[in-house]
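Here is how the chains run, residue by residue.
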Amino acid sequence: MKQTVKAVVLAAGAIERPIAYANNDLPGTLLAGAVRTYVERYAVRPGSRAVVFANNDSAYATALALQSAGVVVAAIVDPRAGPRLDGALPYAA
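This structure is a prediction, so every number in the text was calculated from the model and none was measured.

The rules behind the values
Residues numbered from 1 in each chain as written. Predicted model: local features only at pLDDT ≥ 70, side-chain atom pairs only at ≥ 80, totals over all residues. Heavy atoms only, no water. Salt bridge = Lys/Arg side-chain N within 4 Å of Asp/Glu carboxyl O. Helix = DSSP H or I, 4+ residues; strand = E, 2+ residues; numbered from the N terminus. Buried < 20%, exposed > 50% of the residue type's maximum accessible area, 1.4 Å probe, protein only.

1. Looking at the pattern of salt bridges
Here's step 1: By the definition in use, this model includes three salt bridges.
Here's step 2: One salt bridge connects Glu40 with Arg36, and the closest N-O pair in it is separated by 3.6 Å. Here the residue Glu40 and the residue Arg36 both occupy positions in helix H1 (residues 32-42), the gap between them amounting to four residues, near one helical turn.
Here's step 3: You can call Glu40 exposed: its relative accessible area is 54%.
Here's step 4: Relative accessible area serves as the criterion here: at 28%, Arg36 is assigned to the partly exposed category.
Here's step 5: The partner of Arg80 in a salt bridge is Asp57, and the shortest N-O contact between them spans 2.9 Å. With Arg80 in the loop between strand S2 (72-77) and helix H3 (88-92) and Asp57 in the loop between strand S1 (49-53) and helix H2 (58-68), this pair connects stretches of sequence that are 23 residues apart.
Here's step 6: A residue is classified by how much of its surface remains accessible, and Asp57, at 26% relative accessible area, is partly exposed.
Here's step 7: Counted as one network, the salt bridges with shared partners bring together Asp57, Asp78 and Arg80.

Set out below in structure tokens:
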């Protein structure tokens with residue numbers, strides 16, 4: 001029996017890369033995905049104050065998760081400009 005494909009989905013995925021800065025290997029420096037997992041899956045409050053560095057919209061979801069866990073998000077640093085910041089997550093954050 002011959003089958004035809006109605007749709008093809010390509011999901012390239014993403015790999016988070018840490019930002020290089022002095023002392024970025026000290027405790028308290030986490031990738032956004034790890035922070036979100038701690039908050040959403042394990043109900044861990046990873047600190048009391050955070051700065052989130054964004055290079056995509058998932059960082060905004062992490063900032064919102066931190067805020068819902070009672071962490072003060074002091075800043076969201078996003079080097080992108082223009083229409084890339086017009087999405088629902090940046091607006092919500």
